Amino acid sequence: LAATVGILDIDLCGPSIPRMLSVGRPDVHQCDLGWVPVYTDAEKSLALMSIGFLLDDPDDAVVWRGPKKTALIGQFVSDVAWGELDVLLVDTPPGTSDEHLAVLENLKKHKVDGAILVTTPQAVSTGDVRREITFCKKTGLRILGIVENMSGFACPHCSECTNIFSKGGGEDLAKLTGSVFLGSVPLDPLLSASIEEGKDFIQSFPHSPTFSAITSISHTLLNSLQAA
Amino acid sequence: MNTPQSAYCPGTQSEKAGKSTACQGCPNQTLCASGATKAPDPAIAEIGVKLSTVKHKILVLSGKGGVGKSTFSAHLAHALASDINKEVAVLDIDICGPSIPRIMGLEGEQVHQSGSGWSPVYVEDNLAVMSIGFLLSSPDDAVIWRGPKKNGMIKQFLRDVDWGQLDYLIVDTPPGTSDEHLSIVQYLSATHIDGAVIITTPQEVSLQDVRKEIRFCQKVKLPIIGVVENMSGFVCPKCKNTSQIFPATSGGAERMCSDLNLPLLGKIPLDPRIGRSCDEGRSFFNEVPDSPATKAYHSIVQSEYKYKNPYGTYQGCEFSNS
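Residues numbered from 1 in each chain as written. Chains lettered and ligands numbered in written order. Predicted model: local features only at pLDDT ≥ 70, side-chain atom pairs only at ≥ 80, totals over all residues. Heavy atoms only, no water.

Regarding the interface of chain B and chain A
Then, in step 1: Listed by partner, the interface residues are 64 residues for chain B and 65 residues for chain A.
Then, in step 2: Counting each side, the surface lost to burial between chain B and chain A is near 5700 Å², with a carbon and sulfur contribution of 57%.
Then, in step 3: Where chain B touches chain A, the interface holds six salt bridges.
Then, in step 4: Between Arg130(A) and Asp140(B) there is a salt bridge, with its nearest N and O atoms 2.7 Å apart. (Contact = heavy atoms within 4.5 Å. Buried area = accessible area lost by both parts, 1.4 Å probe. Salt bridge = Lys/Arg side-chain N within 4 Å of Asp/Glu carboxyl O.)

Printed below as a string of structure tokens:
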């Protein structure tokens, strides 16, 4: 499936998308239709926008209160020339506050398919995600499903699996809240290393169980989006 | 930043408040332009008085989410409270994701009011906790608040809780450099804050955000006690080999601290029993006293103690036996 995808990174205090997608520190230019997103390659199949591209110094802190964050997120939604996209993914910071309200308000006039909720297996994590589920229900945001990340670690030396962050919480949460469980992604140092260096994990490690887990989740999601 | 300056609210405290082109049409424009929003909040002085009975205040910060701030805050509090002569409290200002009640075994507890204010909830006789978690009636309740409401809650926590005489107040924060962080520093500005402990994991993706947090501390003149590298390696319980699950591709906290001339207080390894203890609301030190992670915490607490008491000797705490 060769879709054109956009990623809008609205984590203004901790924008990780630029590094993870290895686009360095490009300038963001304006065109007649607005700001031009940053493309990861010449084919323009993946378009990005993040505050990370707007900072002169990558270590600069964005020390903004809610109203300023809300205003920039509004611009990111309305003033970026995304062009024709099959899917726009919005990466958010943790919480149920200004950023989350801002992006939903600005996307109101467009169709929002729904939200994917990511948790780790432990109760301390699912405890917060329960509240995020309530946020979705209260704002009328459809929950596409729950992903359990960091779900077990297979030792590369002896293959013993250790549930470092406990086990099963994602699936339990899905059952408890009547949501779809999309799948689990294991803890994988190869994935962490790939993300660090902005490499495409799927290209680098196509035989990895992590790859199968992520692919399976993507297929389930796409089927769900097409069925709706 | 090369975003158009006129496009957004400059902030009520800014010099341009009420005067920027973005202010036109805003219902608060006249108020901001009059300077009223820049006047100091009287609560700051009140909090200064209220917290004069708190000897040491430590903020636990990180730019990054999920690195273990709440776990660290809770266990730092347990470690300090293992000296029964010390009075310790934890203030949880993560308004949207309050984890401290669960981690400290206080889920379902409620806050009571008395003549002298809100009473915090006690874990031990000398260890008190306050969190918005105690004000929510259901674990599904979401706190869908914008900045100003969160700030108001933080103000109340500082001004209206009957903290009493405390040796240590540890403040657990959400990730970021936003309302909660600005507010806690602002509302504590009439008191002395010992400083911040910054938590990171080893990867650059985490350090990248942590450097921003460090800049924030520098901007608001908050001293940095030091940095803790959490989730620093995992020893397989079967074959005992170490894996770097979150690889330190850019040298980890060690290199960052060296570059920025900050103390590295310690490194805490991954241990599945830590997560389990937190989920069950128990002190990890009591559950697993022999873990390398317990030893790492002990060493970190000693380093912090030295920071605050350069001429003293650490009196606590074989805290595995408390």
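So, next bit.
Remarks on the nonpolar core
Then, in step 1: In terms of nonpolar packing, the biggest core is built from 89 residues, with Leu59(B), Phe72(B), Leu91(B) and Ile184(B) touching the most fellow members.
Then, in step 2: With seven residues, the single largest contributor to this core is helix H3 (residues 69–81) of chain B.
Then, in step 3: Setting aside chain neighbours within four positions, we find Phe72(B) in contact with Val60(B), Val197(B), Ile199(B), Val228(B), Ile268(B), Tyr297(B), Ile300(B) and Glu304(B).
Then, in step 4: Core analysis: the next-biggest nonpolar cluster, separate from the first, contains 29 residues, Leu8(A), Ile51(A), Trp82(A) and Ala102(A) among them. (Core = buried A, V, L, I, M, F, W, Y, C linked by side-chain atoms within 4.5 Å. Buried < 20%, exposed > 50% of the residue type's maximum accessible area, 1.4 Å probe, protein only. Helix = DSSP H or I, 4+ residues; strand = E, 2+ residues; numbered from the N terminus.)

Observations concerning the sheet that holds strand S7 (residues 115–119) of chain A
All names here are of chain A.
Then, in step 1: Taken together, the three strands give an open sheet; going across it, the order is S7-S8-S11, and neighbouring strands pair in parallel fashion. Only two strands of the sheet have a single partner each, and these edge strands are S7 and strand S11 (181–184). With strand direction ignored, the average angle separating the axes of adjacent strands in the sheet is 20°.
Then, in step 2: Sheet strands touched by helix H5 (residues 169–177): S7, strand S8 (143–148) and S11. Its angle to S8, the strand with the most contacts, is close to 155°.
Then, in step 3: Running over the sheet, helix H8 (residues 209–227) touches S7, S8 and S11 and is turned about 165° from S11. (Pairing = 2+ DSSP bridges. Axes fitted to C-alpha atoms, helices over the stretch in contact; angles between N-to-C directions.)

A look at unusual backbone geometry
Residues and elements named next belong to chain B.
Then, in step 1: In this model, Lys221 sits at a positive phi of 60°, which is unusual for a non-glycine residue.
Then, in step 2: Looking at where Lys221 falls in the secondary structure, it is placed in the loop between helix H7 (204–219) and strand S9 (224–229).
Then, in step 3: Not every positive phi belongs to a glycine, and Asn261 is a case in point at roughly 55°.
Then, in step 4: Locating Asn261 in the fold gives a position in the loop between helix H8 (252–260) and strand S12 (264–267).
Then, in step 5: Given a relative accessible area of 71%, Asn261 falls into the exposed group.

Overview of the domain arrangement of chain A
Residues and elements named next belong to chain A.
Then, in step 1: What the domain assignment lists for chain A is domain 1 (1–110) and domain 2 (113–227).
Then, in step 2: The centre of domain 1, based on its C-alpha atoms, is set 22 Å off from the matching centre of domain 2.
Then, in step 3: Listed by partner, the interface residues are 10 residues for domain 1 and 11 residues for domain 2.
Then, in step 4: Buried surface at the junction of domain 1 and domain 2, summed over both partners, amounts to about 870 Å²; 70% is from carbon and sulfur atoms.
Then, in step 5: Three residues, Met20, Thr96 and Leu104, lead the burial of domain 1 against domain 2; their summed loss comes to 47% of the area buried on that side.
Then, in step 6: Taken together, domain 1 and domain 2 are joined by zero salt bridges.
Then, in step 7: Remark: the boundary between domain 1 and domain 2 carries one residue pair in polar contact (both at pLDDT 80 or more).
Then, in step 8: Of all the secondary-structure elements, those providing two or more residues to the side of domain 1 that touches domain 2 are helix H1 (17–20) and helix H3 (98–107).
Then, in step 9: Of the residues forming the side of domain 1 that touches domain 2, the biggest block, three residues, is contributed by H3.
Then, in step 10: Partitioned by chemical class, the residues of the side of domain 1 that touches domain 2 number five nonpolar, four polar and one charged. (Domains from an automatic or database assignment. Polar contact = N/O pair within 3.5 Å; in protein donor to acceptor, adjacent residues only side chain to side chain. Nonpolar A, V, L, I, M, F, W, Y, C, P; charged D, E, K, R; others polar.)

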